[in-house]
Structures are given as structure tokens and as C-alpha cells.
Amino acid sequence: MPVPETRASGPGPVGKVVAEDPSPMAELTLPNPPPPSILQRAATGFGLLALLVSALFGGNVAGMRERFLGSETPEARPAAVSRGGETTPPDGAPATEAPRQSVLRSQPWWQSVTTLEGTGSMTAPAFAINADAVQWRVKWTCQSGRLLVSAPEQRRPAVDAACPGSDIGYGIQKGKVILQITATGPWQIQVDQSVDVPLFEPPLPAMSAPGARPVLTGSLYRIDQVGTGTVTVYRLPDGSHAVRLDDFFVTANSDLELQFSPLEAPRTTKQVTDNDRSPSIATLDVTTGSLNFRLPAHVDPTQFRSFVIWCEVANSAYSAATLRPA
Amino acid sequence: MTAPVVAAPASPKPHVTLRGEEIPVVLPSRRDPRFKLSAVVITLHILGQTLLDWKVSIAQILITMLLCGVIEFVITFRGQRIIAWPASGILTGSSVALILRASGTRHGDWWSLRGIQWFILAGLISLLAKHLIRPTGKHLFNPSNIGIVWCLLVIGPNHVFAQYLWWGPSRIGQALAFAVIIGGAIWILRAVRMIPMAVSFLVTFAVLTGIFALAGHSFIAIWHVGEISGLEYWVNLAFSPEVLVFVFFMISDPQTAPKPPLGRVVYGAATASVAAALIYFQTTEFGIKVAILSSLTVVCALVPFIEAWCRRRQLAPVELSESRGPTSPARLKPLVVALRRPAVIAALIVAVAAPIDTMALANNNQVVLIERGEVGKANAQ
């Protein structure tokens, strides 16, 4: 802040040198300072060392600032490798390295945990819910009588309904969960957990099968929201098409849709809406990772020039990628 | 040491007797132009607390002002045996609190002490730099500027940040803030003959950031959905109230700015150019704010050279050729002697580290995550 120049009647500036020599060095070399004591020398040396260390600290050299002062960034977590609860790739998929660690979060998505079925009352086999899962759900169906599904540490039952019927019940207990089922007839339960970790699916086996080939590729750029990663459109051996998103991230929101656009490089939502688009080819439940989507038979991607991530709720083009021959 | 830079008290001079020693007392004077500046800063603080939703508490502001005032008072007393109203220290404290923010502080938590240690550190660094880094016999760096820059770079974006470039949400608050800033600028800058410097900065900065906007530069900010680019990029930089406060009330400090009028114009343009050069690499609001503040740190270190250049221009050609003389080891001796002085070494470290550390922010993914709001409920800003 400016300290305006005023004249004080008290003692004037101390040590001020009015140099006649125009060289800046004339000001930097004060005349005959008294020799410093050992203590002053030590303090000066320590001060300079502290200044130097803080300069390195400020540059976050080797991440030292975050190591010492902590980080607001969430700790990296193992990403999911499938839509099931497995931590290893499903059978048939090419072997990959250990699950990736990522600090990025996806829109919460449902990852299947287990399927239970039986007739009458029973204590179901235990299953595990991730410690950082948002919640879990049971998608149930039953044929006759009544179905009561409860978790021991949950005050209200997840399901308490008359049969026949089907619906969804929810729970929030984490870790090992053992459901108590009270029923008079046959029933089936699918347990899913809501997680926000990225999903890194391996490519579809059909993408590397003989006769399969990438036909279009592009890199995502942002329109209204952040979008990064690469898009590759494959022609599969059976003549159908599939899209693979690699190292993908888009700003999280529910019900984002994947579409194709005839524009080469749409830059605004208006440009996207002013031109015909393909119907939605898939709804994004996971918003970061590497994902595969099979295209509906009636969508020919080669008729379009760009790929768009569209938010129907906000009527907004989040991100797009210009598609070029692969 | 430049303190006490206050107006002369009326005769007879007041004093107190302490253990038989008569100690002069320098009381605040209404003629002291620092009161104008304090009035502007305090008005902005009031607007920030009432209409502008600033994430700084009254306790943070008062403690920083008090700490800086007490330190300045003690240093002045020990060094000059006078009891002086610590106007400079209080002003430094209020300036630190005007710009610095501790992560997690919410607007309306009037007495929150969250992150108070960062305010105290910034105040301490400001005054340490003022009283210890004096390579030309007076302080080289703007005290509040170096304290804030040190805190933003060393403590980092997880714990501190600078007041947003955009001030809101109240339109009335924005209008009042602009009125106070521009009115205050005219009121203060005329008195210290800094208007040409401010114009020089603003024009250079507006042109350079305008070029960046046309070239497609953008940045992300926690308060904005999506990237800020194009006209919005330019307006948010060139006409940000934060930048205006920086120009009118920080870089215009006559104690650290060059004395010659031409030097001041060069100083303004140089600060804007360094700021733009550092902004060029930044994609986040945090990085841009640090770049703007760091530019002053860098250019303050160049002020002795700007002043020397101005003096050279004033010399007659004959005198100039005589003063230059042949290059010889003898002429380099002052440079070697100067480089052995701790204050010069410290100034050199600060002047080199500030831009390098600022540029390192451009590659910091954590800043990007924070500005995108992707670090969840613990979001730093």
C-alpha cells in the first residue's frame, strides 16, 4: 500500500544514501557499516537459509509443500475395473496392470455387488460394501406372501412389502453386510452399491477381434463444461459400431448423453442445437475413466463429424470431439 | 529505515519521560496522507463484510492490523527511541487482510480465527522484509505485497488464496466498491503524483491481456461455471476491482516506487508487462492473482536500476561518458561487494524465486482441482 511521502519533524530516514553516481551499485554499497557480531552473522546466515528454503518450498519442489502442509486434494483411490464389484478384470478381458489410482470423482454410479435368491426366510451370505460407497440398494422381486429384508445395523428394513411385486430398497451400512430375509415364497435380490470412483473398463474383446478396426478418433474439448480424453469409434467384425472413451473426464452430472453431430467442431450449445444430431447413443452413468459403448444399429457414426456429450437436464453441450479417420 | 513518516506534531513537541529519559511522542496527524489510504481500505473492508460476501472475518482483520502495528511500534521505539503511532504497520496489516484469505473461512463468521496463523505469518514476513531487506538503505519490497506473495506461494493454495478477481454478488456492493476505489485513487494518487504510473500500468496491462483474450487464453475460477475466455477474460483481468486495488493502493507506494516521474511511468509499464508475462502461463484464477502480485515483487527489485537509468538520462552526454569510463575490474568491484551483502542476496533470492515459483503454479494440478471445485466439501476456496 502506498505510504505517501511526507516530511517528519522527528528523526529522518536512517541509512539513506543519496548517491551521485548514477550506477545502482552505488546505492547497493553502503559506506562503512559496522562489522557484525558472530551472533548477527549467524542470524543473517540462518535468515538467508530460511529464505532459500522457503523459495524452494514455494516452488513445491518434489511436492514438498503439500507433503509438509497437507493437501486438500482427496487421496487417490483404486479405480473400478468393471461395473461389477470385482477388482480384477472380468474373464475374457485382456489382463491389465493393477487397478489405477485416481483422485478424480465420477458422478455416483451403481456398481453391482451380488445377486441373492431363495425361497422363504434365511440369513443371506455376507457381502461387502465399500467404505466410501455413497449407499447401496436392493432391487427385489418376490412371488407370494410378504418380503422383509433388513440389515442388522439399520433401524428400518430395506424392504417390507407384499408379494408379488418388485421395487428397490436402500441401505447405508458400510463394510460387511448380512441381510436377514423373512419371506413366505420365492424371491430374488440384486445388490448394488453407489460409488464415485472412476471406472477403467478394458476394451471390448470385439474391438481387438479379427476384422475389427478403429474408424474414427478425436480428442474431447470443453464447450460449457470440462471434457478431456480421447474418443475412438470401432467398426466391429459383425458390422456394428462401438465407441471407446479413454482417460476420459467430464464434469459430473446425471443423465449425460452421448450423441454425434454433423458439425466438424461445435463450440457452443447453440451451434449444437441448431443442427441435427444423432439420437442419444448411450447415457453416461460414469463420468470419468475408460468406457465402452455399443452403438444402436440405426446409428451410423461415419455420417457424422463430431462427438458430443450432451446434458439434457441443463440443455447444454458439455464437451465435444472432432472425429477424424483413425 | 523510513519510519516514522508522519507529519510534524505541533510545537511544543510532546514527550514522555521513561526512567529519566525523555522520549518524543509522534502522534497521528490529520494531515498524514496515510489516513486517506486507511479510510479507503477500511471502507472497502466494511463493504466486504456487508455487501461483497468477503470470506474474511473481522477477527482476522483486527488481529493482523494489531500485530503489524505492535511490531512496527516496537521496532520504531527500539531503533529511534521515539513513541510513534504505527500508521505504516497498521496499514500493512489492513492491506494484508484486504487481499489474503484463509481457506474455509465463511462470510459472516465475524469472529472466526480460522487460518489466523497465515495472517500472522504474512504480517510478520511483511515487516521482516521491510526492516531486514534494505539493500539501498531503505526497504526495497512493498511490505504487504511481499507478505501476501510469500504466503500464497509458500503456504499454498490448500490453505490460503487471494480475494477473488470478481467481487460480488451484490451489484450495489460492486458499484460502491468501484466508486470507493476510483474516488480513493483520485484522492490519494494525486497527492503522491502517481497517476501517470497508474495509467501506464493500466494501459499496458489492458493491451497485453486484450491480446491474450484474442489469442484464446482462458482461466477457470471457483466462482464461475466453465472457463472464462474472450471478452469476459479481458474484462475480469483489466477491470477487476482486485487489480485496481493493486494498482491504485499497492504498487503506488512512493516508498518503494522510483522517485523520478519518468521512472514511475517505466515502473508501471514494467509491472504490467511482468504481470502479463506471468499470467500468460496461468490457467487458474489463483495462478493469475499470484502472477499479478508477484510482478510487483519482481519490479520492486528493479527499482534501483530504474532510478539509476533515470539519473543517467539526466546527465549531460559528456558527464555520462566520463561516468561510464572504460570497463575494468575496478568498475566491477562495487558489484562484487554488493553481491556479498546479505540484504542484496536476500533481495536476489526473492526477486528470482517469486516469478519461478509463480510459474510453477501453472503445472499444479491441485490448483486446477480446487478451482474446478472437485475436492469436495473440503474445497479450499
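1. Points about the sheet that holds strand 3 (residues 83-84) of chain B
All names here are of chain B. The strand order across the open sheet built from three strands is 1-2-3, with neighbouring strands paired in mixed fashion. Of all strands in the sheet, those bounded by a partner on one side alone are strand 1 (15-18) and strand 3. Across two bridges, strand 2 (residues 21-26) lies against strand 3 in parallel orientation. The residue bridging Val25 from the neighbouring strand is Ile83, located in strand 3.

2. Details of the confidence of the model for chain B
Residues and elements named next belong to chain B. On average, residues of chain B carry a pLDDT of 89, and 90% of them reach 70 or more. Below a pLDDT of 50 lies the segment residues 1-9, which in the model reaches 43 contacts outside its immediate sequence neighbourhood of four places, other chains included. As scored by the predictor, the complex reaches a pTM of 0.69 and an ipTM of 0.84.

3. Quick look at the confidence of the model for chain A
Residue and element names in this part refer to chain A. Per-residue confidence for chain A gives a mean pLDDT of 85, with 85% of residues at or over 70. The least confident element of chain A is helix 1 (residues 24-28), whose mean pLDDT is 55; the most confident is strand 17 (residues 256-261), at 96. Contacts for the low-pLDDT stretch residues 2-21, under 50 throughout, to residues beyond four places or in other chains number 55 contacts. With pLDDT under 50 throughout, residues 87-95 is counted as low confidence; its partners more than four residues away or in other chains account for 15 contacts.

4. Thoughts on the sheet that holds strand 4 (residues 122-123) of chain A
As summarised here, the arrangement of the four strands in space is 4-11-7-8 (chain A), forming an open sheet in which the pairing is antiparallel. With one partner strand each, in any of the chains shown, strand 4 and strand 8 (159-162) of chain A form the two edges of the open sheet.

5. As for the nonpolar core
In terms of nonpolar packing, the biggest core is built from 114 residues, with B:Leu100, B:Ile148, B:Val149, B:Cys151 and B:Ala275 touching the most fellow members. Element by element, the count of residues in this core is highest for helix 11 (residues 285-314) of chain B, at 13 residues. Once residues lying within four places of it in the same chain are set aside, the contact partners of B:Ile148 are B:Val96, B:Ile99, B:Leu100, B:Ala122, B:Ala162 and B:Leu293. Of all hydrophobic cores here, the second largest spans 60 residues; its members include A:Val233, A:Leu284, A:Trp310 and A:Ala321.

Cut-off values and rules
- Residues numbered from 1 in each chain as written.
- Chains lettered and ligands numbered in written order.
- Predicted model: local features only at pLDDT ≥ 70, side-chain atom pairs only at ≥ 80, totals over all residues.
- Pairing = 2+ DSSP bridges.
- Helix = DSSP H or I, 4+ residues; strand = E, 2+ residues; numbered from the N terminus.
- pLDDT = per-residue confidence, 0-100.
- Contact = placed C-beta atoms within 7 Å.
- Core = buried A, V, L, I, M, F, W, Y, C linked by C-beta atoms within 7 Å.
- Buried ≥ 20, exposed ≤ 12 C-beta atoms within 10 Å, placed from the backbone.

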